[in-house]
Amino acid sequence: MLTVGVDIGGTSVRAGVVDKRGTILDTARIGTPSGADALNDAIVSVVSSLSERHPVSAVGLAVAGFVATDLKTVMFAPHLAWRRAAVADRISRKLDLPVVLEHDANAAALAEFRYGAARGAKVAALIAIGTGIGAGLLLDGRIFRGAHGVAPELGHLRIVPDGRPCSCGKSGCWERYCSGTALSTTAIELLASHPGQSTVLARESAGDARSITGRKVAGAARDGDPVALRAMAELARWLGEGLALVADIYDPEVIVIAGGVSESAPLFLDDAREFYRDAITGAGYRPLARIRTAQLGDDAGLVGAATLARDVANGRTA
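Scope of this entry: the structure provided in the associated data block.

Rules of the game
- Residues numbered from 1 in each chain as written.
- Predicted model: local features only at pLDDT ≥ 70, side-chain atom pairs only at ≥ 80, totals over all residues.
- Heavy atoms only, no water.
- Helix = DSSP H or I, 4+ residues; strand = E, 2+ residues; numbered from the N terminus.
- Contact = heavy atoms within 4.5 Å.
- Polar contact = N/O pair within 3.5 Å; in protein donor to acceptor, adjacent residues only side chain to side chain.
- Core = buried A, V, L, I, M, F, W, Y, C linked by side-chain atoms within 4.5 Å.
- Buried < 20%, exposed > 50% of the residue type's maximum accessible area, 1.4 Å probe, protein only.
- Pairing = 2+ DSSP bridges.
- Axes fitted to C-alpha atoms, helices over the stretch in contact; angles between N-to-C directions.
- Salt bridge = Lys/Arg side-chain N within 4 Å of Asp/Glu carboxyl O.

What follows is about the environment of Thr281. Its place among the elements puts Thr281 in the loop between helix H8 (269-279) and strand E13 (290-293). It is 7.6 Å that separates the C-alpha atoms of Thr281 and Ala244, two residues lying 37 residues apart in sequence. Excluding residues that lie within four positions of it along the chain, Thr281 makes contacts with Asp248 and Arg286. Polar side-chain contacts of Thr281 include one of 2.9 Å to the side chain of Asp248.

Here the focus is the side chain of Asn106. Inspection of the secondary structure puts Asn106 in helix H3 (residues 104-115). Discounting residues that sit within four places of it in the chain, Asn106 has contacts with Ala135, Gly136, Leu137, Ile143, Phe144, Arg145, Ala151 and Pro152.

A separate point is the nonpolar core. Core analysis: the largest hydrophobic core is formed by 47 residues, its most contacted members being Ile127, Trp174, Leu201, Leu239, Leu243, Ile257 and Phe268. Where this core is concerned, the elements lending two or more residues are strand E9 (123-129), strand E10 (133-139), helix H4 (180-193), helix H5 (200-205), helix H6 (214-222), helix H7 (226-250), strand E12 (254-258) and H8. Ranked by the residues each element gives to this core, the list is headed by H7, at twelve residues. With 31 residues, the next largest nonpolar core counts Leu2, Val6, Val87 and Leu101 among its residues.

Looking along the chain, the bond that leaves Ala151 and enters Pro152 is cis, with omega of -10°. Within the fold, Pro152 resides in the loop between strand E11 (142-143) and H4. The phi angle at Arg84 is positive, at roughly 45°, despite the residue not being glycine. Counting through the fold element by element, Arg84 comes out in strand E7 (residues 83-85). The phi dihedral of Asp251 is positive, around 50°, even though this residue is not glycine.

What follows concerns the environment of Asp298. Its place among the elements puts Asp298 in the loop between E13 and helix H9 (300-313). Residue classification places Asp298 among the exposed positions, given a relative accessible area of 62%. As for Asp298 and Ile129, which are separated by 169 residues in sequence, their C-alpha atoms are 12 Å apart.

A few words now on the sheet that holds strand E3 (residues 24-31). Judged by pairing direction, the sheet is mixed, and its five strands sit side by side in the order E3-E2-E1-E4-E8 without closing on themselves. At either margin of the open sheet sits one strand with a lone partner, and together these are E3 and strand E8 (99-103). Neighbouring strand axes in the sheet, compared pairwise and without regard to direction, differ in orientation by 20° on average. Direction of pairing for strand E4 (residues 56-63) relative to E8: parallel, over a ladder of five bridges. Counted as the bridge partner of Val59 is Val99 from E8. Each of strand E1 (2-8), strand E2 (12-18), E3, E4 and E8 is contacted by H9, which is oriented at about 135° to E1, the strand it contacts most.

Let's shift gears to the pattern of salt bridges. Across all of its chains, the model carries 16 salt bridges by this definition. The partner of Glu189 in a salt bridge is Arg164, and the shortest N-O contact between them spans 2.9 Å. Of this pair, Glu189 sits in helix H4 while Arg164 is found in the loop between E11 and H4, placing the two residues 25 residues apart along the sequence. A relative accessible area of 10% means that Arg164 is categorised as buried. Note that Glu253 and Arg290 form a salt bridge whose closest N and O atoms lie 3.6 Å from each other.

This is the structure we're talking about:
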């Protein structure tokens, strides 16, 4: 049984035909349009191009937003046009195929549980560190969505009282200290307070701090830039502190670190493990979660959405 997973990002809509082993057999991509109807049509277009070449049975959409527990409705997606939109039914009618929706981090967590770094874990958490933090949680192999479909929003746990303001309206959120954006912010603050200490970042920014990105900070850290290395150390600290909170609440067997920032894991993950080990409640007297980097990379959301579509089509509880 072949299904299509669709990863819907702010810049592109990427679809793939996935088999029961989680292997991607074929892909198609289109730019993400701005309007809701245009976005629906874009998804129909990429899926149709694949279904013409493969016998597709169902479709799953990975969405960066709040998905209702019916797996059909997008309640809110900050970077997309949908608002309280019955997306699954509208696209299903156009494709004449079953369609289900899932939060993109949940979809990635499901893929890593079935085929990747969390395979077989009884309780597994995925922390996707990119521009912000996305998170997914699996309990006994089932996605935990909460009462209304929006759990777990771990990126907005407040870890620093009266800390950096967050776009969510709060301050001190985890993602403001542990993300690609946070890495950039920390480096800019350090450059301002320690002028003359950075050669690589100063050259990269050419006097314009706004040009410093998390990716540039990671590159400078690899080159031994002292300010970039301090920024990485701060990210490691806050990652470890946040993971300790996650472990205190959910007690996972495995925590998978995913997202774009995970590509720089050799620069921070060992230190983060140390902070996590020291900060967890009952340190030294309880088992620790295995902290791993994701194995499926950018394909995890797509593969997870296709896997969920297959489960639902086969009558398996999602």
